[in-house]
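What the coordinates show
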Amino acid sequence: MKVPFLDMIKATASVRKELDGAYDRVLNAGQFILGAEVSSFETAWAKMVGARHCIGVGNGLDALHLILKAYEIGEGAEVIVPSNTYIATHLAITYAGAVAVPVEPDEATFNLDPALIEAAITPRTRAIMPVHLHGRAAAMREIREIAAAKGLKVIEDAAQAHGAKVGSASVGAIGDAAGWSFYPGKNLGALGDAGGVTTNDDAIADRVRLLRNYGSRAKYFNEVQGYNSRLDPLQAAFLSAKLPFLDGWIRERQAIAERYNAGLKNVAGLTLPPLTPAAECVWHLYVVRHAERDALQRHLSDCGVETLIHYPVPPHLSGAFQSEGWKKGQFPIAERIADTVLSIPLYPGMTDDVVSHVVESIKSFKGGR
Ligand SMILES: *Cc1c(COP(=O)(O)O)cnc(C)c1O
């Protein structure tokens with residue numbers, strides 16, 4: 001049996017009729033920059049998240065970057081960010097000219113450890129940028145309390161957590177603003193690059209809207225030096241077509257995760273993801289840990305099971321940030337995570353026998369060779 005990490009062909013085929021309809025609508029409308037398709041998805045996504053505003057942008061990295069620009073967080077400012085996130089979170093900060101200050105995660109949840117945040121705050125700190133990694137909501141109550149006490153903004157990197165909740169609130173509506181990615185492999189993915197910003201802050205929404213479109217409200221009248229980072233109407237239409245399925249896909253992901261939790265408990269040497277309250281995790285990734293991760297990955301590959309490592313190199317050791325002068329050993333939890341994590345296949349449409357094959361393949365791993 002061959003198990004891909006993610007089957008984009010099947011995922012696309014399952015909503016082919018809706019996607020074809022969206023494509024036809026855009027071609028018939030002849031509006032290829034902004035316009036009704038973009039505003040209509042923005043309205044739908046804002047509603048889904050429970051935020052007052054959504055602004056469609058080019059991708060997830062731009063979403064985070066434009067939020068920082070909108071808050072005028074740049075030169076001389078510091079932003080607290082997890083040490084173990086995808087590099088985009090860090091790049092958004094350096095793009096804006098600010099300094100990324102990595103803080104280690106809670107090793108049990110992979111998310112920013114609130115107990116370590118205060119020690120990283122300086123007079124230059126302007127914001128905390130929690131990431132809901134793997135689809136699991138970060139400790140937003142604690143983070144918001146610290147931010148409120150210190151006068152900091154909370155900017156959520158919600159790129160992996162479409163639909164995750166804390167209590168009755170959706171991620172993306174809990175902080176001051178949130179950046180979303182609709183990269184094809186995300187839980188809600190376009191057929192190319194796409195992103196969005198959600199916020200309840202009217203002024204920031206207005207500012208991001210301005211910045212994504214050359215700094216102009218009226219064509220050829222540029223109020224500020226903006227960017228070209230607009231959500232493409234075709235991608236907006238594809239996203240609108242897929243959105244009604246998102247809740248069902250999330251429930252499927254949660255059911256598969258439960259099967260993994262049950263099937264893989266008590267496997268010697270294997271650490272499973274934490275048992276988070278169901279609504280708080282939408283399982284963008286199912287990440288296990290093993291001391292012999294590389295051997296386990298080879299074994300699974302021999303069994304026909306494709307796995308990935310999210311992420312093999314933490315940002316502080318990345319070639320991209322060599323100039324920051326960070327050292328190996330400086331963020332040991334992030335390094336330990338990078339050395340031991342393995343993401344196993346989890347996607348809507350995964351059948352029970354495929355899940356069982358992954359479980360049995362992991363159980364048949366004999367380490368120590
Ligand atoms: C995917 C992702 C991003 C960036 O999204 P793009 O659309 O690829 O730019 C940012 N942060 C995290 C945590 C992500 O997983």
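See the structure printed just above.
Residues numbered from 1 in each chain as written. Predicted model: local features only at pLDDT ≥ 70, side-chain atom pairs only at ≥ 80, totals over all residues. Heavy atoms only, no water.

**Some words on helix H8 (residues 233–242)**
For the record, the criterion: The rule is simple: take the accessible area with a 1.4 Å probe, protein chains only, and divide by the maximum for that residue type; under 20% is buried, over 50% is exposed, in between is partly exposed. Strands here mean DSSP runs of E at least two residues long; helices mean DSSP runs of H or I at least four residues long; both are numbered from the N terminus. By the convention used here, residues are in contact when the closest approach between their heavy atoms is within 4.5 Å.
Burial analysis of H8 places nine of its 10 residues in the buried class, which makes it a mostly covered element. Of the positions making up H8, those classed as buried are Pro 233, Gln 235, Ala 236, Ala 237, Phe 238, Leu 239, Ser 240, Ala 241 and Lys 242. The secondary structure elements touched by the buried residues of H8 are helix H2 (16–29), helix H3 (36–49) and helix H9 (246–264).

**Description of the sheet that holds strand E9 (residues 195–199)**
Worth spelling out the cut-off: If DSSP finds at least two bridges between two strands, the strands pair. Note on definitions: angles span 0 to 180 degrees between N-to-C directions of axes, and those axes are lines fitted to C-alpha atoms, for helices only across the stretch in contact.
On the basis of which strands lie adjacent, the open sheet formed by seven strands has the order E1-E9-E8-E5-E4-E2-E3 and mixed pairing. Edge positions in the open sheet fall to strand E1 (53–57) and strand E3 (99–103), since each of these has one partner strand only. Averaged over all pairs of adjacent strands, the angle between their axes in this sheet comes to 25°, without regard to strand direction. Two strands pair when backbone bridges link them, and strand E8 (residues 177–181) and E9 are joined in this way by five bridges, in the antiparallel orientation. Bridged to Ser 181 within E9 is Gly 195. Strands strand E4 (125–128) and strand E5 (153–157) of the sheet are contacted by helix H6 (residues 140–150), whose axis makes an angle of about 150° with E5. Lying over the sheet, helix H7 (residues 202–212) contacts E1 and E9, oriented at roughly 15° with respect to E1.

**Quick word on the sheet that holds strand E12 (residues 270–271)**
One open sheet accounts for three strands, arranged E12-E13-E14; its pairing is antiparallel. Every other strand in the sheet has two partners, leaving E12 and strand E14 (341–344) as the edge strands with one partner each. When E12 meets strand E13 (residues 286–290), the two strands line up antiparallel, connected through two bridges. Within E13, the position partnered with Leu 270 by the bridge is His 290. Helix-sheet contacts for helix H10 (residues 293–302) involve E12, E13 and E14, and the interaxial angle to E14 is about 25°.

**Section: empty space enclosed by the protein**
Threshold: Note on definitions: the grid is 1 Å and covers protein atoms alone; a cavity is a set of points where a 1.4 Å probe fits but cannot get out; a pocket is an open set with protein on both sides within 12 Å along at least five of seven lines; lining residues have an atom within 4 Å of a point. Grid points are joined across faces, edges and corners, and a volume is the space filled by probe spheres set on the points. Classification used: nonpolar for Ala, Val, Leu, Ile, Met, Phe, Trp, Tyr, Cys and Pro, charged for Asp, Glu, Lys and Arg, polar for all others including Gly.
One pass over the structure, following the stated rule, counts two cavities of 30 Å³ or more. Approximately 60 Å³ is the volume found for the largest cavity. In this structure, the largest cavity is lined by Asn 84, Thr 85, Leu 133, His 134, His 310, Tyr 311, Val 313, Pro 314, Pro 315, Ala 334, Ile 337 and Ala 338. Considering only residue class, the lining of the largest cavity consists of eight nonpolar, four polar and no charged. Along the walls of the second largest cavity sit Trp 45, Met 48, Val 49, His 162, Gly 163, Ala 164, Ser 170, Val 171 and Trp 180, which together make up its complete lining. Taken together, the residues of the lining of the second largest cavity break down into six nonpolar, three polar and no charged.

**Considering the layout of surface pockets**
To locate leftover empty space, one rolls a probe as large as a water molecule over the atoms. Of the volumes computed, that of the largest pocket is approximately 610 Å³. If you go around the largest pocket, you meet 31 residues; those closest to its centre are Tyr 86, Tyr 183, Lys 186, His 284 and Tyr 311. Looking at the lining of the largest pocket, the elements that each hand over two or more residues are helix H4 (60–70) and helix H5 (87–95). Sort the elements by how many residues they give to the lining of the largest pocket and H4 lands first, with three residues. In terms of residue class, the lining of the largest pocket is built from 17 nonpolar, nine polar and five charged.

**A word on the environment of Pro 82**
Along the polypeptide, Pro 82 turns up in strand E2 (residues 78–82). Along the backbone, Pro 82 and Lys 10 are 72 residues apart, and their C-alpha atoms lie at a distance of 34 Å. Apart from the residues within four sequence positions on either side, Pro 82 is in contact with His 90, Val 103, Leu 112, Met 129 and Val 131.

**Side note on the pattern of salt bridges**
The condition that has to hold: When a carboxyl oxygen of Asp or Glu lies within 4 Å of a side-chain nitrogen of Lys or Arg, that pair is called a salt bridge.
Evaluation of the coordinates by the stated rule reveals 14 salt bridges. As a salt-bridge pair, Glu 37 and Arg 25 come within 2.6 Å of each other at their nearest N and O atoms. Separated by 12 residues along the polypeptide, Glu 37 in helix H3 and Arg 25 in helix H2 bring together distant segments of the chain. Since its relative accessible area comes to 15%, Glu 37 is described here as buried. Relative accessible area serves as the criterion here: at 41%, Arg 25 is assigned to the partly exposed category. Close ionic contact of Arg 336 with Glu 107 constitutes a salt bridge, the shortest N to O distance being 2.7 Å. Note that Arg 336 is positioned in helix H11 (residues 332–340) and Glu 107 in the loop between E3 and E4, a separation of 229 residues in sequence. On the basis of relative accessibility, which here comes to 41%, the residue Arg 336 falls in the partly exposed class. Salt bridges sharing common partners tie together Glu 42, Arg 209 and Arg 212.

**As for the side chain of Ser 170**
Tracing the sequence through the fold places Ser 170 in strand E7 (residues 169–170). Ser 170 gets classed as buried once you look at its relative accessible area, which sits at 8%. With residues near it in sequence (within four places) discarded, Ser 170 still touches Met 48, Val 49, Ala 164 and Lys 165.

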